[in-house]
Amino acid sequence: MEWISILQCPISGERLRQMHDTELVTQEMAIAAGKLWHISGTAVARKIGSCLVTISGKYRYPVDDGIVLILPGFALVDSPDLFSTRQLHDDKQWVKDFYDQSGWFANADGNYKDAVIYEDLRDVSKNYIKKCHDRVGRFLPASGTYLLDAASGPIQHVDYLQYAEHFRYRVCVDFSFQALREAKRKLGDRAICILCDITQLPFVSGTLDGFVSLNTIYHIPADEQVTAIKELYRVLMPGGKGVVVYDWYKHSSWMNVALFPFRTFVFLKNRFLDALGRAAGKKGADRRLYFFAHPPAFFRRHLPPYQLRVWRTVSVPFMRYYVHAWLFGRQFLAWLYRKEEEHPGTCGLKGEYPMMVFEKNDEPAP
């Protein structure tokens, strides 16, 4: 597995390597003697099998069903001096649990729960959405060795496959083991699947040809979103290209106007239902999946230079409210797509979903 050479430990920054057979035997003896621990301090109680290990041997990361678990909390250590009680951020844990427990499981129609909740799957919208997916590929390298798919999920849309069609490997990273298992099933040996935190990517700087991050960054805690994008930029090789699809949400001036009456109605309805629930002694509504949208100016101040382009102007609620076949929905979306092509910067700034397009200068990797 030559691709191990691009990996590094997120704790120490050391390169990783595959364990030798003799080390695996020693590891099993250590487990039997109670002398191998999870980094949290609890003893490893079962056979681990294959691991990647740092050059110093301090930290090792299990490989489970072809998926490398490189979250710091999954590290194994052989010395109490290396114990750490650092926990995953609560909002990150909530996102991880949602996708592991339900978000990346498909229904009888083959649609993942995430898509059912957050996408418009109707026939009237399919052509427009496909063309929006297709435009991402224009801003990625045409070919290469490694395309990083940050928070890849299970590669839920067939349209997503095209981005890495001419790459040797699609490097799928995600919080969800279930997502990576699905991605591995679909991509086979072309998939490198890493369970990790994209705010602390386990890759050597300047080693990946390109990256794509689709509708992910706004699910990261607000104060770590810039860190995540800078990490994507850090691992990009000189001359490499990458795309981040974001959601301006209430920073989209066009959607604020279009959806004002519906948002007002939903706000008042929820307030009324909450009041009824409290009067009846019921608990509050279930916690929503974490979401936070920064305004455009915030990223301009804090990120490396990028081009702002449109991915999709209209939001899913807009399409569900206004776009219908009987209301000339297909014709409207065809017209909208033409306007997006004519004015990609304006639509990316004022619409719902922008693309941040990065290209790294031809400078030596640090």
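Residues numbered from 1 in each chain as written. Predicted model: local features only at pLDDT ≥ 70, side-chain atom pairs only at ≥ 80, totals over all residues. Heavy atoms only, no water.

J.: Quick one: what's the story with the nonpolar core, residue by residue and with numbers?
T.: Membership of the largest hydrophobic core comes to 51 residues, with the highest contact counts inside it found for Leu148, Val173, Ile194, Phe203, Phe299 and Met356. Elements supplying a minimum of two residues to this core: strand S7 (144-150), strand S8 (167-174), strand S9 (191-195), strand S10 (208-214), helix H6 (225-235), strand S11 (236-245), helix H8 (296-302) and strand S13 (353-359). A total of 6 residues in this core trace back to one element, the largest contributor, which is H6. Dropping the residues within four chain positions of it, Phe299 is found in contact with Gln225, Val226, Ile229, Tyr246, Trp248, His294, Tyr306 and Met356. Val136, Cys172, Ala258 and Met319 belong to the second-largest nonpolar core, a separate cluster that totals 44 residues. (Core = buried A, V, L, I, M, F, W, Y, C linked by side-chain atoms within 4.5 Å. Buried < 20%, exposed > 50% of the residue type's maximum accessible area, 1.4 Å probe, protein only. Helix = DSSP H or I, 4+ residues; strand = E, 2+ residues; numbered from the N terminus. Contact = heavy atoms within 4.5 Å.)

J.: Tell me what's going on with helix H1 (residues 21-32), and back it up with residues and numbers.
T.: With 12 residues, H1 extends 17 Å from end C-alpha to end C-alpha; this agrees with the ideal 16 Å at 1.5 Å per step. Listed as buried for H1 are Gln27, Ala30 and Ile31. The buried residues of H1 occupy one face: seen down the axis, they fall within an arc of 100 degrees. Seen from the open side of H1, the exposed residues pointing more than 90 degrees away from its buried face are Asp21, Thr22, Val25, Met29 and Ala32. Where H1 is buried, its residues touch strand S3 (51-54) and strand S4 (60-64). Two residues or fewer after H1 comes Gly34, characterised by a positive phi angle close to 75 degrees. (Expected span 1.5 Å × (residues − 1). Arc of directions from axis to C-beta.)

J.: Residues and numbers for the environment of Val357, please.
T.: Here Val357 is to be found in strand S13. Since its relative accessible area comes to 9%, Val357 is described here as buried. The sequence separation of Val357 and Val212 amounts to 145 residues, and the corresponding C-alpha distance is 9.5 Å. Beyond its immediate sequence surroundings of up to four residues, Val357 is in contact with Phe139, Gly242, Tyr306, Gln307 and Arg309.

J.: How would you summarise the packing of helix H4 (residues 123-136) against helix H10 (residues 329-342) if you had to cite specific residues and measurements?
T.: Relative to each other, H4 and H10 sit at 15 degrees, their axes nearing to 8 Å. In this view, H4 runs roughly parallel relative to H10, as classed from their interaxial angle. Where H4 crosses over H10, the two elements pack in a sense that is right-handed. When H4 is examined against H10, the residues Asp123, Val124, Ser125, Tyr128, Lys131, Cys132 and Arg135 are found in contact with a partner set consisting of Gly329, Arg330, Leu333, Leu336, Tyr337, Glu340 and Glu341. Considered class by class, the residues forming the contact of H4 with H10 number 6 nonpolar, 2 polar and 6 charged. (Axes fitted to C-alpha atoms, helices over the stretch in contact; angles between N-to-C directions. Parallel < 35°, antiparallel > 145°, perpendicular 65-115°, else oblique. Left-handed = near helix turned anticlockwise from the far one by under 90°. Nonpolar A, V, L, I, M, F, W, Y, C, P; charged D, E, K, R; others polar.)

J.: Before we move on, could you go through the environment of Thr227 and cite the residues and values that matter?
T.: Structurally, Thr227 can be placed in helix H6. Overall, Thr227 belongs to the partly exposed group, its relative accessible area being 38%. Separated by 75 residues in the primary sequence, Thr227 and His302 place their C-alpha atoms 9.5 Å from one another.

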